[in-house]
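# Commentary on secondary and tertiary structure
Read off the chains here:
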Amino acid sequence: MSLSSSPTGADVVTERLVLRLWPPADIAAVVGGLRLAHWAQDFPSAADRRISGFVAAHPEAMYVYGQRQILERDTGLAVGAIGLFWPPDDGVIEVGYGIVESRRGRGYATEATRAMTAFGLTAPGVDEVFADVEPANVASVRVLEKAGLRRVSCDGTTARYTARRP
């Protein structure tokens, strides 16, 4: 993972992806039901619409450790969203992610989750990043495991996966 500067703050750049803060114009377009040229054909998904609505209602989500779009480096297209739900609670912060259907199965969710988790663990006051998932959601469980998070609990309906600061 590397960091590079962008007009909106530090992008998180991986081998195939750029995780960038949501541009205000993209938030407005999603909330307003518009389409932009730099979006994959099936972006935004229902989850992306929820996240953009959350960002529109919670400006603090635009913090450098907050919500981001997932862009393919090769095409520049927005293909999903990932983010940390700021602020941390007692040193613990949640990560959430989603990739549009047309780009699933390429390892993007794992790559983005691994990078965002590592980035989140560099945030001041953050000692642990977690994600909750339904155990029946096998694809999401695999993403978390491949991204390096470890299952620490399961109540039958929700499993918690975490990564801790070394």
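Use the structure listed above.
Let me begin by describing the structure that accompanies this report. (Residues numbered from 1 in each chain as written. Predicted model: local features only at pLDDT ≥ 70, side-chain atom pairs only at ≥ 80, totals over all residues. Heavy atoms only, no water.)

### Concerning the overall build of the chain
Put simply, the rule is: What counts as a helix is a DSSP run of H or I of at least four residues, what counts as a strand is a run of E of at least two, and both are numbered from the N terminus. Here the globule rule is a power law, 2.2 Å times the number of residues to the power 0.38, and the radius of gyration is based on C-alpha atoms. A simple rule labels every residue: compare its accessible area, found with a 1.4 Å probe on the protein chains alone, to the largest value its type can have, and call it buried under 20%, exposed over 50%, or partly exposed in between.
The helix and strand tally for the chain stands at four helices and nine strands. Counting helices and strands in the order they occur from the N terminus, the chain gives β-β-β-α-α-β-β-β-α-β-α-β-β. Taken over C-alpha atoms, the radius of gyration comes to 15 Å for the chain, in line with the 15 Å a tight globule of 166 residues would show. The buried share among the 166 residues of the chain stands at 47%.

### Points about the environment of Asp90
Looking at the secondary structure, you find Asp90 in the loop between strand S5 (78-84) and strand S6 (92-99). Between the C-alpha atom of Asp90 and that of Arg104, which follows or precedes it by 14 residues, the distance is 33 Å.

### Digging into the pairing of S5
Inclusion rule: The rule for pairing is simple: two strands pair if DSSP sees at least two bridges between them.
Of all the seven residues making up S5, seven are buried; the element is thus mostly covered by neighbouring parts of the structure. Relative to S5, strand S4 (residues 67-72) runs antiparallel, the two sharing five bridges. Bridge pairing in S5 places Gln69 opposite Ala81. Joining the antiparallel neighbours S4 and S5 is a turn of five residues, in which Gly76 adopts a positive phi near 80 degrees. In terms of strand pairing, S5 meets S6 through five bridges, oriented antiparallel. Counterpart to Gly83 in the pairing with S6 is Gly96.

### So, helix H4 (residues 138-146)
Filter applied, for reference: By construction, the arc corresponds to the directions joining the helix axis to the C-beta atoms. Any pair of residues with heavy atoms lying within 4.5 Å of one another is described as a contacting pair.
All buried positions along H4 are accounted for by Ser140, Val141, Val143 and Leu144. The buried residues of H4 occupy one face: seen down the axis, they fall within an arc of 160 degrees. Structural note: H4 exposes Val138 and Ala139 on the side pointing more than 90 degrees away from its buried face. The elements touched by buried residues of H4 are S6, helix H3 (108-120), strand S7 (128-133) and strand S9 (159-164).

### Some remarks on helix H1 (residues 24-31)
For H1, every residue scored as buried is listed here: Asp26, Ile27, Ala29 and Val30. For H1, the angular spread of buried residues about the axis comes to 165 degrees, placing them on one side. Away from its buried face, by an angle of more than 90 degrees, H1 presents the exposed residues Pro24, Ala25 and Val31. Against strand S3 (17-21), helix H2 (46-57) and S4 lie the buried residues of H1.

### Observations regarding the packing of aromatic side chains
Stated precisely, the cut-off is as follows: When two rings of Phe, Tyr or Trp (its six-membered ring) have centres within 6.5 Å they constitute a pair, described as stacked for plane angles under 30 degrees, edge-to-face for angles over 60, and tilted for the intermediate range.
All told, the structure shown has seven aromatic pairs when counted by the stated rule. Seen from their ring centres, Trp39 and Phe43 are 5.2 Å apart, and the 70 degrees between their planes marks the pair as edge-to-face. Of the residues examined, Phe43 reaches a relative accessible area of 1% and is grouped as buried. Relative to Trp86, the ring of Tyr65 lies with its centre 5.7 Å away and its plane at 20 degrees, an arrangement referred to as stacked. With Tyr65 in the loop between H2 and S4 and Trp86 in the loop between S5 and S6, this pair connects stretches of sequence that are 21 residues apart. Put simply, the rings of Tyr63, Tyr65, Trp86 and Phe119 pair up and form one aromatic cluster.

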